[in-house]
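# Notes for the structure review
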Amino acid sequence: MNALQRHRALTAIWGSPKGWRGTIVSVNHSDIGRRFILTAFAFFAIGGVLAMLIRAQLATPDSAFVGPAIYNQLFTMHGSIMMFLFAIPMFEGLALYMLPKMLGSRDMAFPRLSAYGWWCYLFGGSILIAALAFGVAPDGGWFMYTPLSSKAFTPGINADVWLLGITFVEISAICAAIEITVSILKLRAPGMRLDQMPLFAWYLLITALMMILAFPPLILGSILLEVERAFGWPFFDPTRGGSPMLWQHLFWLFGHPEVYIIFLPAAGVVSTVLPVMARNAILGYGWIVAALLALAFLSFGLWVHHMFTTGIPHMALGFFSAASALVAIPTAVQIFAWIGTLWTGRPELKLPMLYLLGFFVVFVLGGLTGVMLAMVPFDWQAHDSYFVVAHLHYVLVGGFIFPMLAGAYYWLPHFTGRARVPRLGEAAFWLIVIGFNLTFFLMHLTGLLGMPRRIYTYTEEMGWTWLNLLSSVGSFIMAFGFALFAVDVALQIFFSRRSRRNPWRAGTLEWAMPTPAAAYNIASQPHVESREPLADDPELAVKLARGEGYLGEPRHGWRETMAVDSASGAVDYVVILPGNTRLPVVTAVVTGGFFLALLFGYYWLALIPLAGVAALGWRWAWALGAREDVGPVAIGRDQTAPIHREAPGAPGWWGTVLLLVADGTLFAALLFGYAFLWVIAPNWPPPERIDGGTITALIAALASITAMVLARGAGRAISAGSLRASRQMALAGAVAQAVSVAALVATGASALPIPDTHAYAAASWALIAYAAIHGFIALLCAAFAWARIGAGFVSVARAQELAIARLFADYSAAATILVLLCLFVPGLLA
């Protein structure tokens, strides 16, 4: 098979239909990545228009451009769009598009999950934009502090739009985090050790792990607040044992890591683009990785940094202030590594380098004001002033948008296959830099002069008029710069001349393929032995096109890519990925139906789409697998390897583990909330506690433990070759899970107070509901394993379903026991 024949055969396997049908069914990572990027830029444009409206209102004192109600919606939606609908999805899109290419793979680990995540993002974001168009957008600030966002003070659906829309979007974020993590750990080119990965992959791996740990507290807080608004369960109502402070803790447990989740992917772009512009290898690769790990660790100990004015004890103030200052050290390590790379290299002042220089200036200034705000006395003075607004934008725009613009110009030839139009990009750069600094540097001054955030007007006597007018002028200059950037990109896509394959003379694998890349990325996968394989072998692209790497011969219509050992990069197995399907969009539509039913108050009706999601999830899993063992297959280079469904540690198992880690983080946040209310909230101890229920609680615990034991027994029976015994144990495990769920519900109904009477009752019911829901999920997994064994999809080699069912059974048992201990131990100790 020559190169052209190989290209046609692989395109037939990996390609997508043209037109709207391709949009509906495609699961290709390049298609999904481009969609994320374009959708995020569209939301960025909407958020930018809202920012211009805000600045138009504040340009002059006593302005009547918009009233206070509309203004509240404008600044709330601006913050929500930029944080949730632009920054995170933009980096997700870049990761989905670039990661397989940089790692020498053909796709991400879960293509259907990527597609489902994009549809959830699109639908969830559309709910928020539609609410803005109809005048019912969120209006309580993008952090939705209680009690302002509680039913008593926001009686309409404005807050519900935020809570449900953002939760819908967060599904996409969790999907992307799991996808990115598994893909980096497993789907690399053979031979690529962890210490040979591009730094960009390290940045994305750590960012994805942070998302898995940081996003669940926000999801939990949104669920609890929506339940309070819908059913009156008083988690945040101090008159009934709740606490508004609980919302702040749950939100900022997400909110401060979120800053670094936004910064790290952009810093990964810097660590990728800057060495190429400097014609020099990155300085301090190991130090940068260590700094990333330290930064990720420290970021989870800073959330109270945002709560210094809420009455925190002095000991905690000192701890969190020190931690907030300490986090500057790993950031400085990266900055000095970048400066050292430039110092020892031969920098070329091309357009990406201009944006990197803008990043250095703006981000360092934002970091310095961040250290200022980490000092408690200064924070008390500047809190909730425009000084904080200026700091936030210097960090996020300087730390995210400037590097992303550098990355855009660096990788646009890869996306489009075309060269850019000269000079337009430079003009856009100077408009953005000048407009940005004119807008936000002056906000430091208005903040120091006492201008608070979130006010819709002010009087001339306050002395802020000229500063605000100049800031507003700067915002429009910056907007013109971004508009010119969009024009520049459009001209490059549609009218510019063809670019050569590797215009920057980079050494990473994404440039070892045609640009724009084919649907399959590379005709065969390389064996990697260094951090810049293309620099080591300039003929690598030609060799891969000839099929001289791994999986160079298409067969059986399989979408094949290699999986490796996570640390060493040794060949592990061949992953056969699913093809194009409508399942992601159908599942996202049904998921959207669930959220819309909740939004409009049709709570019982919401059970129908929820059941639909469960049924579609069953269909997703059922479409995979085979009824016959294949055995080891040839992979090229005179080697063989098993396929993933006949090997331990398949991507599905890894994905389940990460999903349960995210789920466990949500559970830990729920336990934190329960303990926080016991210790901190007013009106405790509760007037009524759990009364009875000991027998049903013991039945629930014993049944969940029995289900766990049976799930393990089913796996051992398969290993022994006894399909019948394994199937019987799976069925018995499903029955045991059903008993556990019924006993948990009975415990709540018979022993717990009514949930709307006190926060203790509400939190206890939330714990019972959590355990019961996970028992039901484990039941479905056991039933699925029973059905798959009966249908012939399981054998001694093909036992992945049982391994996953065991994970859910173990998790359900642990959750059930912890919940029951939390409910009953306080009563025993009283």
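Here goes a summary of the coordinates provided. This one's a predicted model, so the numbers in the text were calculated from it and none came from an experiment.

### Describing the overall build of the protein
Scanning the protein from N- to C-terminus turns up 25 helices and four strands. Against the 2.2 N^0.38 benchmark of 28 Å for 830 residues, the protein shows a C-alpha radius of gyration of 27 Å, consistent with a compact globule. Each principal axis of the C-alpha distribution contributes one length, and for the protein these read about 75 × 75 × 45 Å. Taking all 830 residues of the protein together, the buried fraction comes to 59%. Counting only contacts in the protein whose residues sit at least 6 apart along the sequence, the fraction spanning at least 24 positions is 82%. Taken as a whole, the protein presents about 31,300 Å² of accessible surface, with 71% of it coming from carbon and sulfur. Charge-centre separation for the protein: the mean point of 47 positive side chains lies 10 Å from the mean point of 41 negative side chains.

### Structural notes on the pattern of salt bridges
Counted under the stated rule, the structure contains 18 salt bridges. For Arg712, the salt bridge is made with Asp810, and the minimal N-O distance between the two is 3.1 Å. Of the two residues, Arg712 sits in helix α22 (residues 694-719) while Asp810 sits in helix α25 (residues 800-829), which places them 98 residues apart along the sequence. Salt bridges sharing common partners tie together Glu348, Lys350 and Arg505.

### Observations concerning the packing of aromatic side chains
In total, this model carries 61 aromatic pairs according to the counting rule given. With 6.0 Å between their ring centres and 55 degrees between their planes, Phe41 and Phe485 make a pair best called tilted. Taken as a pair, Phe41 in helix α3 (residues 29-58) and Phe485 in helix α16 (residues 465-494) lie far apart in primary sequence, 444 residues in all. The exposure class of Phe485 is buried, given its relative accessible area of 8%. Plain terms: the ring middles of Trp142 and Phe143 are 5.6 Å apart, the flat faces sit at 50 degrees to each other, and that makes the pair tilted. Residue Phe143 is classed as buried on the basis of its relative accessible area, which comes to 6%. Lying across the ring of Tyr97, Lys101 places its NZ or CZ 3.9 Å from the centre.

### Focus: unusual backbone geometry
What is expected of a backbone is that most residues other than glycine have negative phi and most peptide bonds are trans. For the bond from Thr515 to Pro516, the omega torsion is -5 degrees, close enough to zero to count as cis. Within the secondary structure layout, Pro516 lies in the loop between α16 and α17 (533-536). With an omega dihedral of 5 degrees, the bond running from Trp684 to Pro685 counts as a cis peptide bond. Tracing the chain through its elements places Pro685 in the loop between α21 (651-679) and α22. Phi is positive for Arg423, close to 80 degrees, though the residue is something other than glycine.

### A closer look at the environment of Asn437
Tracing the chain through its elements places Asn437 in helix α15 (residues 424-448). A residue is classified by how much of its surface remains accessible, and Asn437, at 22% relative accessible area, is partly exposed. When the C-alpha atoms of Asn437 and Lys350 are compared, they prove to be 22 Å apart, with 87 residues separating the residues in sequence. Separated by 2.9 Å, the side chain of Asn437 and the backbone oxygen of Val433 make a polar contact.

### What to know about the environment of Ile522
By the secondary structure assignment, Ile522 is in the loop between α16 and α17. What makes Ile522 buried here is its relative accessible area of 5%. Separated by twelve residues in the primary sequence, Ile522 and Glu510 place their C-alpha atoms 9.3 Å from one another. When neighbours within four sequence positions are excluded, Ile522 is seen to be in contact with Gly104, Ser105, Arg106, Ala512, Met513 and Leu544.

### As for helix α24 (residues 759-791)
The end-to-end C-alpha distance of α24, which contains 33 residues, comes to 47 Å, matching closely the 48 Å that a straight helix rising 1.5 Å per residue would cover. Once α24 ends, the next one or two residues include Gly792, with phi positive near 90 degrees.

### Brief notes about the nonpolar core
Counting 264 residues, the largest nonpolar core has Trp338, Tyr355 and Phe400 as its most contacted members. Apart from residues lying up to four places away in sequence, Tyr355 is in contact with Phe402, Leu405, Ala406, Tyr409, Gly425, Ala428, Phe429 and Ile432. Tyr550, Leu551, Val574 and Ile576 belong to the second-largest nonpolar core, a separate cluster that totals ten residues.

So, how was this worked out
Residues numbered from 1 in each chain as written. Predicted model: local features only at pLDDT ≥ 70, side-chain atom pairs only at ≥ 80, totals over all residues. Heavy atoms only, no water. Helix = DSSP H or I, 4+ residues; strand = E, 2+ residues; numbered from the N terminus. Rg over C-alpha atoms; globule rule 2.2 N^0.38 Å. Buried < 20%, exposed > 50% of the residue type's maximum accessible area, 1.4 Å probe, protein only. Contact = heavy atoms within 4.5 Å. Areas by Shrake-Rupley, 256 points an atom, 1.4 Å probe, with all protein chains shown as cover. Lys, Arg positive; Asp, Glu negative; His and termini not counted. Charge placed at Lys NZ, Arg CZ, Asp CG, Glu CD. Salt bridge = Lys/Arg side-chain N within 4 Å of Asp/Glu carboxyl O. Phe/Tyr/Trp six-rings, centres within 6.5 Å; stacked < 30°, edge-to-face > 60°. Lys NZ or Arg CZ within 6 Å of the ring centre and 35° of its normal. Polar contact = N/O pair within 3.5 Å; in protein donor to acceptor, adjacent residues only side chain to side chain. Expected span 1.5 Å × (residues − 1). Core = buried A, V, L, I, M, F, W, Y, C linked by side-chain atoms within 4.5 Å.

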